[in-house]
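# Examining the three-dimensional arrangement
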Amino acid sequence: MYAVLVLNTGSSSLKYRLVEPETGATPVIGLVERIGDATGRVGHDGPGGEVNREQPIADYAAALDLMRELLAADGVGFDAVGHRVVHGGPRLVAPTRV
């Protein structure tokens, strides 16, 4: 299985989805929000079931670490990462390989 991890970061959130491009299947979807707040929220739905909890999430590094832990607990991996960027400025006006 070839899978792409799609990330979308906001001002205080990290949304992610694992996508299998050949089928369009999304075996994992998750959200880490209220990053930097003492009452952060985690929602994750994958092969291992659902996770919904509140916990402090200090910063984006902690949010990414948490996402990686949840993906590892589900036993899933990915081959590529795509990140949604809304404001790419005048030079980034189309999908761009980084």
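Up top you'll find the structure we're talking about.
Before going into details, it helps to say that this report is about the structure given with it.

Analysis parameters
Residues numbered from 1 in each chain as written. Predicted model: local features only at pLDDT ≥ 70, side-chain atom pairs only at ≥ 80, totals over all residues. Heavy atoms only, no water. Helix = DSSP H or I, 4+ residues; strand = E, 2+ residues; numbered from the N terminus. Buried < 20%, exposed > 50% of the residue type's maximum accessible area, 1.4 Å probe, protein only. Contact = heavy atoms within 4.5 Å. Areas by Shrake-Rupley, 256 points an atom, 1.4 Å probe, with all protein chains shown as cover. Expected span 1.5 Å × (residues − 1). Arc of directions from axis to C-beta. Polar contact = N/O pair within 3.5 Å; in protein donor to acceptor, adjacent residues only side chain to side chain.

### Thoughts on the overall build of the protein
Secondary structure assignment for the protein yields one helix and six strands. Along the protein, helices (α) and strands (β) appear in the sequence β-β-β-β-β-α-β when read from the amino end. Residues counted as buried form 28% of the 98 residues belonging to the protein. Summarising the internal contacts of the protein: among those between residues at least 6 apart in sequence, 35% fall at separations of at least 24. For the protein, the computed accessible surface area is about 6,300 Å², with 54% contributed by carbon and sulfur atoms.

### Some words on helix α1 (residues 60-74)
Within an α-helix, residues lying three or four positions from one another point in the same direction, as the helix has 3.6 residues per turn. The terminal C-alpha atoms of α1 lie 21 Å apart, and with 15 residues this matches the ideal 21 Å at 1.5 Å per residue to within 8%. For α1, every residue scored as buried is listed here: Ala63, Leu66, Met67, Leu70, Leu71 and Asp74. In a view along the axis of α1, the buried residues occupy a sector of 135°, so they form one face of it. Those residues of α1 that are exposed and aimed more than 90 degrees away from the buried face are Glu69, Ala72 and Ala73. Check the buried side of α1 and you find it contacts β1 (4-9), β2 (13-20), β3 (25-33), β4 (40-46) and β5 (49-55). The N-cap of α1, judged by a side-chain oxygen 3.3 Å from the amide nitrogen of alanine 61 a few residues on, is aspartate 59. Residue glycine 75 follows α1 closely and has a positive phi angle near 75°.

### Examining unusual backbone geometry
A positive phi angle, close to 60°, is found at arginine 34, a residue other than glycine. Following the sequence through the fold, arginine 34 ends up in the loop between β3 and β4.

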